[in-house]
Protein chains: 2
Amino acid sequence: MVENKFDVNRVIGHEFEPFTFSYTERDVSLYALAVGAPADVLDQDELQFVYELSSLGFKALPTFAVLYPTRMIDTILTGRLGDIEFNPMMLVHGEQVLEIKQTLPTAGVMTCRPRISRIYDKGSGMLVVTDAPCYDETGAEIAFNQSSMFIRGLGGFGGDRGPSSPVETLPDRPPDAVARQQTADNQALLYRLCGDRNPLHADPQMAAIGNFDRPILHGLCTFGFAGRAVLKHFCNNDPSRFRSIKVRFAKHVFPGETLVTEMWQEGSRVLFRTTTAERGEVVLSNASVELHH
Amino acid sequence: MVENKFDVNRVIGHEFEPFTFSYTERDVSLYALAVGAPADVLDQDELQFVYELSSLGFKALPTFAVLYPTRMIDTILTGRLGDIEFNPMMLVHGEQVLEIKQTLPTAGVMTCRPRISRIYDKGSGMLVVTDAPCYDETGAEIAFNQSSMFIRGLGGFGGDRGPSSPVETLPDRPPDAVARQQTADNQALLYRLCGDRNPLHADPQMAAIGNFDRPILHGLCTFGFAGRAVLKHFCNNDPSRFRSIKVRFAKHVFPGETLVTEMWQEGSRVLFRTTTAERGEVVLSNASVELHH
């Protein structure tokens with residue numbers, strides 16, 4: 001099945017068909033619940049992300065914008081990206097960058113124009129980088145997503161290894177803030193209703209094919225929890241102060257685990273790291289949020 | 001605001017405009033999660049209600065059909081039913097009957113034709129009974145819902161008190177089965193995305209107007225949990241064996257509480273009672289499920 005030699009240049013620059021993502025207030029609320037908001041149901045601050053009549057005004061969590069290119073996942077689950085064929089259960093999300101260009105509407109129609117911008121040969125697998133700018137109906141760019149996907153077993157095709165991503169050095173002091181967030185046992189089943197229906201997150205048999213003991217949480221779900229932690233501690237839960245976020249998915253999370261996010265503010269950046277309390281594994285590394293001044 | 005004298009006969013027989021309820025597999029899955037399924041994410045039996053690729057075949061929980069007349073709630077939340085005006089925060093769900101006429105499709109468009117069938121003066125409040133048959137696109141009746149709603153403070157208008165509902169006598173033996181189901185703190189926030197957006201279930205201030213210390217769980221959410229308990233213990237999780245269900249909403253439930261459902265089989269009927277473990281309050285009484293042979 002694995003085509004170990006192929007012309008990378010025929011894949012780089014591959015443009016997906018543009019597609020639209022239509023959403024309603026209900027989708028915005030569902031996303032918030034799917035990434036654990038509100039932590040406390042009596043907390044008005046986070047209630048504003050799920051309750052459309054909130055006295056603070058109903059708002060989308062900034063990380064909601066990673067859903068805009070969701071339809072790309074359907075393409076990926078076919079096991080084919082341009083010339084590349086692979087087993088979708090062997091794919092893991094490597095890194096994610098999200099830039100918020102304008103306040104996210106709480107309902108709307110976005111058009112995404114993703115393209116494969118880079119392909120690297122990491123030896124043990126192939127890294128595929130996709131850039132997806134997302135536009136509203138007036139053509140204004142609302143958000144930009146960059147996803148790096150790692151396909152295990154598909155390396156060794158003789159491609160460029162690519163640069164090592166610069167590793168963020170965390171400050172040598174105790175974190176400025178620490179968030180402890182409990183995920184629910186059914187967190188992945190809820191998150192998948194936001195659009196990523198990869199069976200890896202629901203089906204024990206499919207998880208086994210991916211060499212996991214049980215279905216794992218979506219990396220982007222963990223990402224949403226961490227985004228909430230920074231939004232609360234450094235933005236007073238005001239999405240307009242949240243400019244961008246990037247993370248590396250260092251390790252999987254099992255639904256039901258507790259996420260511990262340690263955060264350090266350095267000027268307009270908040271560096272962070274997320275660990276599972278139960279296994280002590282770093283699950284998000286090389287991670288930061290850029291704040292607006 | 002309260003119109004304590006009015007002509008009941010002008011309200012009985014009031015027909016709502018027929019309306020449609022369109023749903024997708026995603027709505028079916030969301031409903032299952034909103035009523036706590038699967039209790040164990042590795043349990044294939046309940047995974048079939050949330051996972052569209054389930055090896056057992058994807059199915060709707062039978063109690064999903066209470067959502068078909070959801071749009072009626074929007075009418076009710078206007079605080080006006082025919083000639084009756086009231087504060088929607090004073091309304092509580094009294095009883096619910098659901099009959100499944102045919103296997104519920106996992107996606108579809110239903111047309112509901114609700115009408116007010118009875119109005120009773122209970123002294124402390126008014127009881128409004130609504131019958132809602134629900135039809136699929138071929139015109140076949142798929143489900144029938146009967147809701148009794150109690151509007152506190154609106155009694156004393158000189159109407160008929162109505163019959164006392166027959167009280168189910170529970171067998172004088174230990175229950176044949178007992179289910180213990182933990183609701184989540186955010187259970188009501190999730191359930192409301194199924195359609196009933198009454199602020200009573202989300203907003204602490206609105207709950208206070210209704211004289212509750214905090215937002216309460218939807219009666220129909222508790223109903224869904226109890227339906228699952230009977231489905232599991234007496235139908236082997238096979239919806240085709242579930243014929244009808246009726247309950248009285250005896251007391252409210254707070255999200256986060258544990259529901260204990262005691263069940264007794266008597267021929268083709270399962271009588272049950274649901275209690276909160278934390279407060280020892282009976283929350284569903286006069287309750288039963290009819291099974292198919």
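Up top is the structure these notes are about.
Bear in mind that the values here come from a model prediction, so they are computed numbers and not experimental data. (Residues numbered from 1 in each chain as written. Chains lettered and ligands numbered in written order. Predicted model: local features only at pLDDT ≥ 70, side-chain atom pairs only at ≥ 80, totals over all residues. Heavy atoms only, no water.)

1. Focus: the relation of the copies chain A and chain B
- Mapping chain A onto chain B is achieved by rotating through 180 degrees and translating by 0.0 Å along the same axis, at an RMSD of 0.0 Å. In symmetry terms, the pair is related by a two-fold rotation axis.
- Comparing interface residues between copies, 100% of those in chain A also lie at the interface in chain B; the contact surface is shared. (Least-squares fit on C-alpha atoms with pLDDT ≥ 70 in both. Contact = heavy atoms within 4.5 Å.)

2. Examining the packing of aromatic side chains
- Under the definition given, this model contains 16 aromatic pairs over all chains.
- Seen in terms of ring centroids, Phe-64 of chain A and Tyr-68 of chain A are 6.0 Å apart; in terms of plane orientation they differ by 90 degrees. Their pairing is edge-to-face.
- On the basis of an interplanar angle of 55 degrees and a centroid distance of 4.8 Å, the ring pair of Tyr-23 of chain B and Phe-64 of chain B is categorised as tilted. Here the residue Tyr-23 of chain B occupies a position in strand E1 (residues 19-23), and Phe-64 of chain B occupies one in the loop between helix H2 (44-47) and helix H3 (71-77), the gap between them amounting to 41 residues. By the burial criterion, Tyr-23 of chain B is buried, and Phe-64 of chain B matches it.
- One aromatic cluster is present, built from ring pairs that chain together Phe-21, Tyr-23, Tyr-31, Phe-64, Tyr-68 and Tyr-191 of chain A. (Phe/Tyr/Trp six-rings, centres within 6.5 Å; stacked < 30°, edge-to-face > 60°. Helix = DSSP H or I, 4+ residues; strand = E, 2+ residues; numbered from the N terminus. Buried < 20%, exposed > 50% of the residue type's maximum accessible area, 1.4 Å probe, protein only.)

3. Considerations on the environment of Thr-275 of chain A
Residue and element names in this part refer to chain A.
- With respect to the secondary-structure elements, Thr-275 resides in strand E12 (residues 269-276).
- Residue Thr-275 is classed as buried on the basis of its relative accessible area of 15%.
- Sequence-wise, Thr-275 and His-233 are 42 residues apart; in three dimensions their C-alpha atoms are separated by 17 Å.

4. Quick look at the pattern of salt bridges
- This structure, assessed with the given rule, holds 24 salt bridges over all chains.
- As a salt-bridge pair, Glu-52 of chain B and Arg-197 of chain A come within 3.2 Å of each other at their nearest N and O atoms. Highlighted residues: Glu-52 of chain B in the loop between H2 and H3 and Arg-197 of chain A in the loop between helix H4 (187-191) and helix H5 (204-209), drawn from two different chains.
- Where Arg-279 of chain B meets Glu-257 of chain B, a salt bridge forms, and the shortest distance between an N and an O atom there is 2.6 Å. Here Glu-257 of chain B lies in the loop between strand E10 (242-249) and strand E11 (258-266) and Arg-279 of chain B lies in the loop between strand E12 (269-276) and strand E13 (282-291), a separation of 22 residues in the sequence.
- Counted as one network, the salt bridges with shared partners bring together Glu-52 of chain A together with Arg-192 and Arg-197 of chain B. (Salt bridge = Lys/Arg side-chain N within 4 Å of Asp/Glu carboxyl O.)

5. Quick notes on the interface of chain A and chain B
- The interface of chain A with chain B comprises 28 residues on the first partner and 29 residues on the second.
- Buried surface at the junction of chain A and chain B, both sides included, amounts to about 2800 Å², of which 59% is carbon and sulfur.
- Taken as a group, Arg-26, Tyr-51 and Leu-193 of chain A account for 23% of the area that chain A buries against chain B, more than any other trio of residues on that side.
- At the surface where chain A touches chain B, the tally comes to six salt bridges.
- Asp-27 of chain B is the partner of Arg-26 of chain A in a salt bridge, and the nearest nitrogen-oxygen pair spans 2.7 Å.
- Listed by contribution, the elements that provide at least two residues to the side of chain A that touches chain B are helix H1 (25-34), helix H2 (44-47), H4 and H5 of chain A. (Buried area = accessible area lost by both parts, 1.4 Å probe.)

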